[in-house]
Amino acid sequence: MDAASFKKMFLPYHRKLYGVAFRLLENEDDARDVLQDAYLKLWDKRDALGIIDNPEAFCTTLVRNMCLDLLRSPRYVRERQQVELTESLPITAPDETDARDKVQVVQTLVARLPLQQQQVIRLRDMLGYTFQEIEQLTGLSANNIRVVLSRARKKIREDYFKQHDYEKRRD
């Protein structure tokens, strides 16, 4: 496969692939890096790609799997934790500070969930995706998504109230 046919086959899906990567990674730079690595993988295997019936589905699956691999990598997890700890919040009114603290607690609790639960709860509750969109991105059935979402919400609710109740008793 030459460069022109490669571009014709894979570049029309660039926006969609970037969207998939960005939704999963929640970071523009990381999404661009994954997309660049995906194109390099495709280019390296370009001679074997002529038999693909659905290049869009193939690319989407490739990018999704690369994002999941990145999210699971210990180095990436460490880097994200360091960034979250070093970010500073601007000084705000007490009401805003309290709300930000609660949001931060919930984000921490979400980060402690298993990877699949993290993805589903972020896609559904934080980014507002439909069950059909989550099905396409994760490969899970609608019933599985509902179960995973229910378990994630229950775990967050339990852990939040445990922590909140503990803080009340301390005061």
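An account of the accompanying structure is given in this report.

The rules behind these values
Residues numbered from 1 in each chain as written. Predicted model: local features only at pLDDT ≥ 70, side-chain atom pairs only at ≥ 80, totals over all residues. Heavy atoms only, no water. Helix = DSSP H or I, 4+ residues; strand = E, 2+ residues; numbered from the N terminus. Expected span 1.5 Å × (residues − 1). Buried < 20%, exposed > 50% of the residue type's maximum accessible area, 1.4 Å probe, protein only. Core = buried A, V, L, I, M, F, W, Y, C linked by side-chain atoms within 4.5 Å. Contact = heavy atoms within 4.5 Å. Phe/Tyr/Trp six-rings, centres within 6.5 Å; stacked < 30°, edge-to-face > 60°. Lys NZ or Arg CZ within 6 Å of the ring centre and 35° of its normal. Lys, Arg positive; Asp, Glu negative; His and termini not counted. Salt bridge = Lys/Arg side-chain N within 4 Å of Asp/Glu carboxyl O. Axes fitted to C-alpha atoms, helices over the stretch in contact; angles between N-to-C directions. Parallel < 35°, antiparallel > 145°, perpendicular 65-115°, else oblique. Left-handed = near helix turned anticlockwise from the far one by under 90°. Nonpolar A, V, L, I, M, F, W, Y, C, P; charged D, E, K, R; others polar.

Some thoughts on helix H4 (residues 55–72)
Stage number 1. Along its 18 residues, H4 runs 26 Å from first to last C-alpha, staying within 8% of the 26 Å computed at 1.5 Å per residue.
Stage number 2. Those residues of H4 that sit buried are Pro55, Cys59, Thr60, Leu62, Val63, Arg64, Met66, Cys67, Leu68, Leu70 and Leu71.

Concerning the nonpolar core
Stage number 1. Of all hydrophobic cores here, the largest spans 41 residues; its most connected members are Phe10, Leu25, Val34, Leu42, Val63, Cys67 and Ile121.
Stage number 2. Looking at this core, the elements that each hand over two or more residues are helix H1 (3–10), helix H2 (14–25), helix H3 (28–44), H4, helix H6 (94–111), helix H7 (115–126), helix H8 (131–138) and helix H9 (142–170).
Stage number 3. In terms of residue count, the dominant contributor to this core is H4 (eight residues).
Stage number 4. Every residue in contact with Cys67, bar those within four places of it in the chain, is listed here: Ala21, Leu24, Leu25 and Val34.

Considerations on the environment of Glu135
Stage number 1. Counting through the fold element by element, Glu135 comes out in helix H8.
Stage number 2. The residues contacting Glu135, other than those within four sequence positions of it, are Leu140, Ser141, Ala142 and Ile145.

Section: the packing of aromatic side chains
Stage number 1. A full pass over the atoms with the stated rule returns four aromatic pairs.
Stage number 2. Their ring planes at 55° and their centres at 5.0 Å tell us that Phe6 and Phe10 sit as a pair that is tilted. Remark: Phe10 and Phe6 occur in helix H1; sequence separation between them is four residues, near one turn of the helix. Here the two residues Phe6 and Phe10 agree in accessibility, since each one is buried.
Stage number 3. With a centroid separation of 6.1 Å and an interplanar angle of 15°, the aromatic rings of Tyr18 and Phe22 are classed as stacked. Of the two residues, Tyr18 and Phe22 both sit in helix H2, four residues apart, roughly one turn of that helix.
Stage number 4. When the ring centre of Trp43 is taken as reference, the NZ or CZ atom of Arg46 above it lies at 3.9 Å.
Stage number 5. Here the guanidinium or amino end of Arg146 rests over the ring plane of Phe131, the centre of that ring lying 4.4 Å away.

Considerations on the side chain of Arg64
Stage number 1. Counting through the fold element by element, Arg64 comes out in helix H4.
Stage number 2. Buried and unpaired, Arg64 has Asp69 as its nearest opposite-charge partner, separated by 9.4 Å.

A few points about the packing of H7 against H8
Between two packed helices, what matters for the description is the angle formed by their axes and the separation of those axes.
Stage number 1. Contact geometry for H7 and H8: axes closest at 10 Å, N-to-C directions at 150°. Here H7 lies roughly antiparallel to H8, going by the angle between them. Our pair here, H7 against H8, has a crossing hand that is right-handed. Here Val120, Leu123 and Arg124 of H7 lie close against H8, whose contacting residues are Phe131, Ile134, Leu137 and Thr138.
Stage number 2. Taken together, the residues of the contact of H7 with H8 break down into five nonpolar, one polar and one charged.

Focus: the pattern of salt bridges
Stage number 1. By the definition in use, this model includes seven salt bridges.
Stage number 2. When the shortest N-O distance is used, the salt bridge between Asp125 and Arg153 registers 2.6 Å. One end of the pair, Asp125, is in helix H7; the other, Arg153, is in helix H9, and 28 residues separate them in sequence.
Stage number 3. The class for Asp125 is partly exposed, based on a relative accessible area of 38%.
Stage number 4. Among the residues examined, Arg153 registers a relative accessible area of 33% and is labelled partly exposed.
Stage number 5. Here Asp159 makes a salt bridge to Lys155, at a shortest N to O gap of 3.3 Å. You can see Asp159 and its partner Lys155 sitting in helix H9, four residues apart, about one turn around the helix.
Stage number 6. In this structure, a network of salt bridges that share partners links the residues Glu28, Asp29 and Arg32.

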